[in-house]
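Chain residues, written in single-letter form:
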There are 2 protein chains.
Amino acid sequence: MPEPVARAVVPGHVTGLFAVHQTDDPVRTGSRGAGFTMTDGVTVTVRPNDERKVLVDGEPTTVGSVQRVLEDLGVTARVEIETDLPIGTGFGLSGGMGLGTAFGANAVFDLGQTTTDLIRVAHVADVEAGTGLGDVVAQARGGLVLRLEAGAPPHGRLDGIETTARVEYLTRGELSTPTVLNERPAEITRAGNQALETLLADPTRDRFLEAAQEFTADVGLATESVRTILETVEANGGQAAMAMLGETVFAFDHDLSDAGYDPQVAAIDPCGASLE
Amino acid sequence: MPEPVARAVVPGHVTGLFAVHQTDDPVRTGSRGAGFTMTDGVTVTVRPNDERKVLVDGEPTTVGSVQRVLEDLGVTARVEIETDLPIGTGFGLSGGMGLGTAFGANAVFDLGQTTTDLIRVAHVADVEAGTGLGDVVAQARGGLVLRLEAGAPPHGRLDGIETTARVEYLTRGELSTPTVLNERPAEITRAGNQALETLLADPTRDRFLEAAQEFTADVGLATESVRTILETVEANGGQAAMAMLGETVFAFDHDLSDAGYDPQVAAIDPCGASLE
């Protein structure tokens, strides 16, 4: 007997640097790069239902990644999503909602898919919806994640940096992932690959933040309000970087609050997505 | 400046079925199989020290896997290990202690190793100490782990089954891993590969427990006291299996307590090892 309800928790994911890898196959498409998962994220509750219905914080909503996951798995469900994070601001929520839906649907409908199967379904949904290129694989793993090769398993290849951190973040607004990616993919990819190589030569938390800063400066994706925050933190002797892709700034420890801001506070989540 | 102390938590790991894969290279040596990590495990605290010193629950002890990890990483440290689990009874503690030492030493000495590097060091230490063949890679990942290909990254290959469970377990005594493995490796490996294939055809939590039961019956590793418990649980309409390798029986939900036993209670840990 399938359980009548299943709930998955998926951490938010902040990418600090990335390189786009576009192919004709959504399983192989994705990004190389580095980012971390956060203790703030999404909770996804899946129930069998007569029609497909998706609610985000109680509001009926269309979420491309979730819709595609339900279609791919061939199930009709009511999906209730709760999150404290703002959508479209660089926390990988689209990917997280899809991944949570995949984990929940597999449990509630007893689909007999392995973790890798479900990651693949959610990654493809995120890529095809145009909402993310590397969040899903990182969210499934958790921690400070190095995306060495793009794509879902078995093509993608991950590593990690074992670390802990208090995370501070500030969000000023949305950025459209497809719009930004279409603007200058070659430039982003050159800068992202370079930043990843310098990080791999010295894989530490501090080097990650520096590499993310350099990447932000190189690709010029920072908006005016993001640039102001980054400069203020730096002038105060701290370090901050921009979340890819959103008008969001993050720092470790107290570097945003020490510079006079009133940030949200979380921590690096070492765990990754799981059923609850 | 390196931090003066680092602490890692590593879940216990219970293998339900396995097949031995021996090679000349400890990185490639290991086991295929399936098991789960538990919320009960070990805490490993690492501090720089003038001499190598290892304490388990306050007692100076020699732990082969820990010693080898310190040597491999070239560090001199005091390692304090705490655990509520009994050693040598099938919870993968040797592997867990080595992995926690690797994570802790990397952090406290700022070694700049990636997660994969550290898993490899701890896996090789466990294999060379003769104390485990697949615990480390599973403990690093967490959850109900399928070991598809033996060995440490990049050779080993894992998948998982997303599930939750209350775990009940009872320990009656120790079994020596090297002794058991040397007795009949070919027979174990044939049975383990067969059990893994039936599990992969239907990768669910219930099938895992059945496959572990079948494996236990096939290889005849159960001692008299383990066999009595397994038969009592089965007569009571429940399901239990033996932890490889220890005189330990485990079950999900309430199947041991429903059969009149007074088991230890934990849960499947979805998270895997991490710094604290």
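Residues numbered from 1 in each chain as written. Chains lettered and ligands numbered in written order. Predicted model: local features only at pLDDT ≥ 70, side-chain atom pairs only at ≥ 80, totals over all residues. Heavy atoms only, no water.

Remarks on the overall build of chain A
Here is step 1 of the chain: Secondary structure summary: chain A contains 8 helices and 12 strands in total.
Here is step 2 of the chain: The C-alpha atoms of chain A give 18 Å as radius of gyration, which agrees with the globular expectation for 276 residues (19 Å, within 12%).
Here is step 3 of the chain: Per-residue burial for chain A yields a buried fraction of 58% across its 276 residues.
Here is step 4 of the chain: Within chain A, contacts between residues separated by at least 24 positions form 75% of all contacts whose residues are at least 6 apart in sequence. (Helix = DSSP H or I, 4+ residues; strand = E, 2+ residues; numbered from the N terminus. Rg over C-alpha atoms; globule rule 2.2 N^0.38 Å. Buried < 20%, exposed > 50% of the residue type's maximum accessible area, 1.4 Å probe, protein only. Contact = heavy atoms within 4.5 Å.)

A few points about the nonpolar core
Here is step 1 of the chain: In this structure, Phe36, Met38, Val79, Ile81, Leu99, Phe215 and Phe250 of chain A are the most contacted members of the largest nonpolar core, which totals 87 residues.
Here is step 2 of the chain: Setting aside residues no more than four positions away along its own chain, Leu99 of chain A makes contact with Val10, Leu118, Ile119, Ala122, Val136, Gln139, Ala140 and Ala273 of chain A.
Here is step 3 of the chain: Of all hydrophobic cores here, the second largest spans 86 residues; its members include Ala8, Ala34, Phe215 and Ile229 of chain B. (Core = buried A, V, L, I, M, F, W, Y, C linked by side-chain atoms within 4.5 Å.)

Remarks on a negative patch on the surface
Here is step 1 of the chain: A contiguous patch of negative charge on the surface is contributed by Asp57, Glu59, Glu82 and Asp84 of chain A.
Here is step 2 of the chain: Secondary-structure assignment places Glu59 of chain A in strand β4 (residues 59–60). (Patch = residues over 30% accessible without salt bridge, like charges linked within 9 Å, V, L, I, M, F, W, Y side chains within 5 Å. Areas by Shrake-Rupley, 256 points an atom, 1.4 Å probe, with all protein chains shown as cover. Salt bridge = Lys/Arg side-chain N within 4 Å of Asp/Glu carboxyl O. Lys, Arg positive; Asp, Glu negative; His and termini not counted. Charge placed at Lys NZ, Arg CZ, Asp CG, Glu CD.)

Description of the interface of chain A and chain B
Here is step 1 of the chain: Taken residue by residue, the interface counts 25 residues in chain A and 25 residues in chain B.
Here is step 2 of the chain: A per-residue breakdown of the area chain A buries against chain B is headed by Thr115, Glu162 and Leu275 of chain A, which together make up 29% of the total.
Here is step 3 of the chain: Our count for the contact surface shared by chain A and chain B stands at 0 salt bridges.
Here is step 4 of the chain: Taken together, the connections running from chain A to chain B amount to 10 residue pairs in polar contact (both at pLDDT 80 or more).
Here is step 5 of the chain: For the side of chain A that touches chain B, the secondary structure elements donating two or more residues are α3 (115–129), β7 (157–161) and β12 (274–275) of chain A.
Here is step 6 of the chain: For the side of chain A that touches chain B, the element with the highest residue contribution is β7 of chain A, accounting for 4 residues.
Here is step 7 of the chain: For the side of chain A that touches chain B, a count of residues per class yields 10 nonpolar, 10 polar and 5 charged. (Buried area = accessible area lost by both parts, 1.4 Å probe. Polar contact = N/O pair within 3.5 Å; in protein donor to acceptor, adjacent residues only side chain to side chain. Nonpolar A, V, L, I, M, F, W, Y, C, P; charged D, E, K, R; others polar.)

Let's talk about the packing of helix α1 (residues 64–73) of chain B against helix α3 (residues 115–129) of chain B
All names here are of chain B.
Here is step 1 of the chain: One way to put it is that α1 packs onto α3 with a least axis distance of 8 Å and a crossing angle of 135°. The orientation of α1 with respect to α3, classified from their angle, is oblique. Crossing of α1 over α3 shows right-handed handedness. Only Leu118, Val121, Ala122, Ala125, Asp126, Glu128 and Ala129 of α3 make contact with α1, whose side of the interface consists of Gly64, Ser65, Arg68, Val69, Asp72 and Leu73.
Here is step 2 of the chain: Split by residue class, the contact of α1 with α3 holds 7 nonpolar, 2 polar and 4 charged. (Axes fitted to C-alpha atoms, helices over the stretch in contact; angles between N-to-C directions. Parallel < 35°, antiparallel > 145°, perpendicular 65-115°, else oblique. Left-handed = near helix turned anticlockwise from the far one by under 90°.)

Re empty space enclosed by the protein
Residues and elements named next belong to chain A.
Here is step 1 of the chain: Within this structure, the stated rule accounts for 1 cavity of 30 Å³ or more.
Here is step 2 of the chain: Here the largest cavity is characterised by a volume of approximately 30 Å³.
Here is step 3 of the chain: Looking at the largest cavity, the residues that line it are Ser31, His123, Leu133, Gly134, Val137, Arg147, Glu149, Ala150, Gly151 and Leu158.
Here is step 4 of the chain: A class-by-class count of the residues in the lining of the largest cavity yields 4 nonpolar, 4 polar and 2 charged. (1 Å grid on protein atoms, 1.4 Å probe; cavity = no way out; pocket = protein on both sides within 12 Å on 5 of 7 lines; lining within 4 Å. Points joined across faces, edges and corners; volume = space filled by probe spheres on them.)

Quick word on the pattern of salt bridges
Residues and elements named next belong to chain B.
Here is step 1 of the chain: Under the criterion given, the structure shown has 26 salt bridges over all chains.
Here is step 2 of the chain: In this structure, the salt-bridge partner of Glu224 is Arg227, at a minimum N-O distance of 3.3 Å. Of the two residues, Glu224 and Arg227 are both situated in helix α8 (residues 224–235); the distance of 3 residues between them amounts to about one turn of the helix.
Here is step 3 of the chain: With a relative accessible area of 55%, Glu224 lands in the exposed category.
Here is step 4 of the chain: For Arg227, a relative accessible area of 37% gives the class partly exposed.

Some details on the sheet that holds strand β10 (residues 247–252) of chain B
All names here are of chain B.
Here is step 1 of the chain: Across the sheet, which stays open at both edges, the 4 strands sit in the order β9-β10-β8-β11 with antiparallel pairing between neighbours. Every interior strand has two partners, whereas the edge strands, β9 (241–242) and β11 (264–267), have only one.
Here is step 2 of the chain: Strand direction decides the pairing type here: β9 and β10, joined by 2 bridges, are antiparallel. Paired with Ala241 across the bridge in β10 is Phe250. (Pairing = 2+ DSSP bridges.)

Description of the confidence of the model for chain A
Parts of the prediction with low pLDDT should not have their coordinates interpreted in detail.
Here is step 1 of the chain: A residue-level look at chain A finds 98% of positions with pLDDT of 70 or above and a mean pLDDT of 94.
Here is step 2 of the chain: ipTM for the predicted complex: 0.95, alongside a pTM of 0.96. (pLDDT = per-residue confidence, 0-100.)

A short note on the relation of the copies chain A and chain B
Here is step 1 of the chain: Mapping chain A onto chain B calls for a rotation angle of 180° and an axial translation of 0.0 Å; the resulting RMSD is 0.0 Å. Taken together, the rotation angle and the small translation identify this as a two-fold axis. Closest approach to the rotation axis within chain A is made by the C-alpha atom of Cys271 of chain A, at a distance of 2.3 Å.
Here is step 2 of the chain: Interface overlap between copies is the fraction of interface residues in one copy that are interface residues in the other; for chain A against chain B it reaches 100%, indicating a shared surface. (Least-squares fit on C-alpha atoms with pLDDT ≥ 70 in both.)

Notes on the environment of Leu148 of chain A
Residue and element names in this part refer to chain A.
Here is step 1 of the chain: As for its position among the elements, Leu148 is in strand β6 (residues 144–149).
Here is step 2 of the chain: Leu148 sits in the buried class, given a relative accessible area of 11%.
Here is step 3 of the chain: Apart from residues lying up to four places away in sequence, Leu148 is in contact with Arg32, Arg157, Leu158, Asp159 and Leu200.

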